[in-house]
Every structure is written in structure tokens, then in C-alpha cells.
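Take a look at the letters that make up each chain.
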Amino acid sequence: MRASFFVAIVILFLFSCKKNTPVPLNSGLFGSWEVRRVYNGNILPADSIYKPGNGNIVRLNADSTYVKYVQHKYSSKGVYHTRINLMSMLAMSNERLYFDNDTSFNYLVMLNGDLMTLRPMIPDIATVDYQKISN
């Protein structure tokens with residue numbers, strides 16, 4: 001009786017676990033996004049508001065590649081990934097974004113029309129608001 005109970009519990013856990021598998025990319029992310037605001041971080045840069053045309057841009061492509069520019073100058077490029085997570089205590093799903101293969105440093109993505117907020121899961125890093133400037 002005890003052994004069958006243990007086996008039933010193990011089977012239940014095996015079938016109830018979800019795998020963290022890639023999901024299709026959110027097409028709302030594709031395009032060029034320019035920084036408008038940086039805030040709430042404990043590490044530099046300080047809270048700032050940026051005017052349109054500042055040149056601090058991240059381009060997210062449909063093929064999962066990105067290109068970053070700082071003040072209109074090429075900064076870096078690579079691959080980005082998204083994951084959908086379920087926050088069980090809040091019972092709401094959320095989309096996470098991370099660059100290259102650094103899964104330990106990811107952002108919570110919030111889209112609202114042509115505005116995108118990337119909130120890092122590490123509280124010392126600043127949250128960044130972006131404005132979509134092109135598709």
C-alpha cells in the first residue's frame with residue numbers, strides 16, 4: 001500500500017511538471033525601439049528621461065536577432081529569446097526576454113500599444129521604457 005502510494009505520487013509529479021520550452025515570438029516585439037525613460041535602478045545610469053531622436057535604440061527582428069545602438073552608434077548585436085512564465089501566486093502569465101544566452105539576466109516585458117517596458121528581474125538594474133519608432 002505504501003509503495004503504490006509513493007509510485008502514484010511520483011507519477012503525478014512527472015506528468016504535472018511543465019517544461020520551459022520556447023514559445024513563438026510575440027510579433028509586437030518586432031521593430032525598432034528607442035529609449036524614452038530609465039528609472040528605479042540602484043546602479044548607474046541615474047533616472048533619466050530621453051527626448052525623441054536620442055539614438056539609444058534596440059532593433060528586435062523576427063528571426064530572433066537584435067542590434068543595439070547608443071547615441072546612433074552601433075553598440076552590439078546578437079540573439080534574443082522570449083519565454084512565457086506563469087507566476088503561480090498571482091495566477092497571471094508574463095513574457096520574459098533575455099539577450100544572447102544569459103538566462104540568469106532577463107526582463108519582464110510589458111507592451112502597451114507602441115510603448116514597451118523592460119523591467120529586469122534583478123532589482124538593482126534600472127527599468128527602461130521604449131517607444132516604437134519603426135516596424
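Here's a quick rundown of the structure. (Residues numbered from 1 in each chain as written. Predicted model: local features only at pLDDT ≥ 70, side-chain atom pairs only at ≥ 80, totals over all residues. Heavy atoms only, no water.)

### Some points on the side chain of Thr-117
- Of note, Thr-117 is situated in strand β8 (residues 115–120).
- In this structure the side chain of Thr-117 is engaged in a polar contact, spanning 2.8 Å, whose partner is the side chain of Asp-129. (Helix = DSSP H or I, 4+ residues; strand = E, 2+ residues; numbered from the N terminus. Polar contact = N/O pair within 3.5 Å; in protein donor to acceptor, adjacent residues only side chain to side chain.)

### A closer look at the pairing of strand β7 (residues 107–112)
- Bridge count for β7 against β8 is 6 bridges, and the pairing is antiparallel. Counterpart to Tyr-107 in the pairing with β8 is Pro-120.
- Where β7 folds back onto β8 in an antiparallel hairpin, the turn is made up of 2 residues, including Gly-113, whose phi is positive at roughly 65 degrees. (Pairing = 2+ DSSP bridges.)

### Observations concerning the nonpolar core
- The biggest cluster of nonpolar side chains holds 17 residues, and the ones touching the most others in it are Leu-60, Leu-97, Phe-99, Met-116, Leu-118 and Tyr-130.
- Counting only elements with at least two residues in this core, the list comes to β1 (31–39), β3 (57–60), β6 (92–99), β7, β8 and β9 (127–134).
- Broken down by element, the residue count for this core peaks at 3 residues, all from β1.
- Setting aside anything within four residues of it in sequence, one finds Phe-99 in contact with Val-58, Leu-60, Tyr-66, Lys-68, Val-79, Tyr-80 and Tyr-107. (Core = buried A, V, L, I, M, F, W, Y, C linked by side-chain atoms within 4.5 Å. Buried < 20%, exposed > 50% of the residue type's maximum accessible area, 1.4 Å probe, protein only. Contact = heavy atoms within 4.5 Å.)

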